[in-house]
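Architecture at a glance
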Amino acid sequence: MGLTPTKVESLWEMQTRCWKDRLNRLRHFHSLPRRGGAGLRASARLDHFTQVACGILVPQPRIEPLPTALEANNLNHWTTSRCTIHMGAGNHTGVSQFLLLGLSDDPELQPLLFGLFLSMYLVTVLGNLLIILAVSSDSHLHTPMYFFLANLSFVDICFVSTTVPSMLVNIQTQSKGISYTGCLTQVYFLMIFAVMDSFLLTVMAYDRFVAICHPLHYTVIINPRFCGLLVLMCWLIIFWVPLLHILLLRRLTFCTGTEIPHFFCELAQILKVACSDTLINNIFLFVATALLGVFPLTGILFSYSRIVSSLMRISSAAGKYKAFSTCGSHLCVVSLFYGTGVGIYLTSAVTHSPQRSSIASVMYTVLTPMLNPFIYSLRNKDVKGALGRLLSRGAPCLRWATDLRTKWTL
């Protein structure tokens, strides 16, 4: 027995979520004839329009009756196999990629966005690289606090390099596509470096707590071996949590040509465009955010509450200022990092505009890593002095290179 228009409409309702972006293409489907071989024509039309809705280019389907099993319990499986893409290896169908909508579709703004983000990226990489070179080359900065600062600068370089270069390539090539594998890889490393930023800020707060509250035991507690173990433990922890997120993502299904209203693959945005149930993913995301985001922030607040209580016992104002001045740069970075994170969360909760959420995300993905070197170099005399000595040593090399190039041109 053929497939009647009523059964066709029920199939449409079962796959509404999968076809919502291309539903307008199928409106003329309701003009199918209802008499005289309607079953066969509806069967062929349904197969053809299912493939069109999924964005798969295939030859014109043959007109033949549907299998009997299709009208029983296998209806959902028959349509799902044509409409969804499994993230697992070997199960991709059609064009295996996402579409990143970016910050704007206006062609006139693309050169401006390219120049702006390229400048911010170069400033970020150069500033953090100078911090790393200054700490490693100056013996005065071979202390635990600056060891953690060098690690923070390295993580910031990796963090911004995860998103901005791919965005610049997409703008330059006028392409919005990113492969499923590339999207998952971007999500994985983005989570690693974001969580590592939070962990390092917590470790630096603990370092300041021991230095101010237990100054006599500082060199015993915060020794080089302990600092190395802290950083290594942070890396080992964060390598596994994003991996669980990726494994959970691989069980989800997505329609071909899924659009992500962002300029990079963000986990929350990917879960919103999934065609299958994301309850387990959302629960794990909530738990991981609480453990890896709220707990480090709690540790930072606890450390500074103890620091403030210790400073209140100091009688002289000069002593209070000298002790607290070592925490100024760290407090600014913590406020910037967590402030932008909370701001993005509130923005996504209050407004439902994907473009505004994308613009807000620029704050913590690009702006925060760019400002960190300026905060530590401008507010810290030791870092400022080390950068001056580093640049003074590099000036003769630059003059030598300039003279050599002049001789070769002559």
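All of the points below concern the structure found in this document. (Residues numbered from 1 in each chain as written. Predicted model: local features only at pLDDT ≥ 70, side-chain atom pairs only at ≥ 80, totals over all residues. Heavy atoms only, no water.)

By definition, the strands of a sheet pair up through backbone hydrogen bonds, in either a parallel or an antiparallel sense. Taking strand neighbours across the sheet as the criterion, the three strands line up as β3-β2-β5 in an open arrangement whose pairing is mixed. Every other strand in the sheet has two partners, leaving β3 (177-179) and β5 (259-260) as the edge strands with one partner each. In this sheet, β3 lies alongside strand β2 (residues 97-100) in antiparallel orientation, the contact comprising three bridges. Following the sheet pairing, Gln97 is matched in β3 by Ser179. Here helix α7 (residues 180-213) sits on the sheet in contact with β2, β3 and β5, set at roughly 80° to β3. (Pairing = 2+ DSSP bridges. Helix = DSSP H or I, 4+ residues; strand = E, 2+ residues; numbered from the N terminus. Contact = heavy atoms within 4.5 Å. Axes fitted to C-alpha atoms, helices over the stretch in contact; angles between N-to-C directions.)

If you walk through the whole model with that rule in mind, you get eleven aromatic pairs. Taking 4.8 Å as the distance between ring centres and 75° as the angle between the ring planes, the aromatic pair formed by Phe263 and Phe264 counts as edge-to-face. Side by side, Phe263 and Phe264 carry an identical accessibility label, which is buried. The rings of Tyr188, Phe189, Phe193, Trp235 and Phe239 are connected pair by pair, giving a single aromatic cluster. (Phe/Tyr/Trp six-rings, centres within 6.5 Å; stacked < 30°, edge-to-face > 60°. Buried < 20%, exposed > 50% of the residue type's maximum accessible area, 1.4 Å probe, protein only.)

Turning next to the nonpolar core. Judged by nonpolar contacts, the single largest core of 95 residues is most densely connected at Phe117 and Leu249. Broken down by element, the residue count for this core peaks at 22 residues, all from α7. (Core = buried A, V, L, I, M, F, W, Y, C linked by side-chain atoms within 4.5 Å.)

This paragraph deals with unusual backbone geometry. Look at Gln174: it is not a glycine, yet its phi comes out positive at around 55°. Locating Gln174 in the fold gives a position in the loop between α6 (144-173) and β3.

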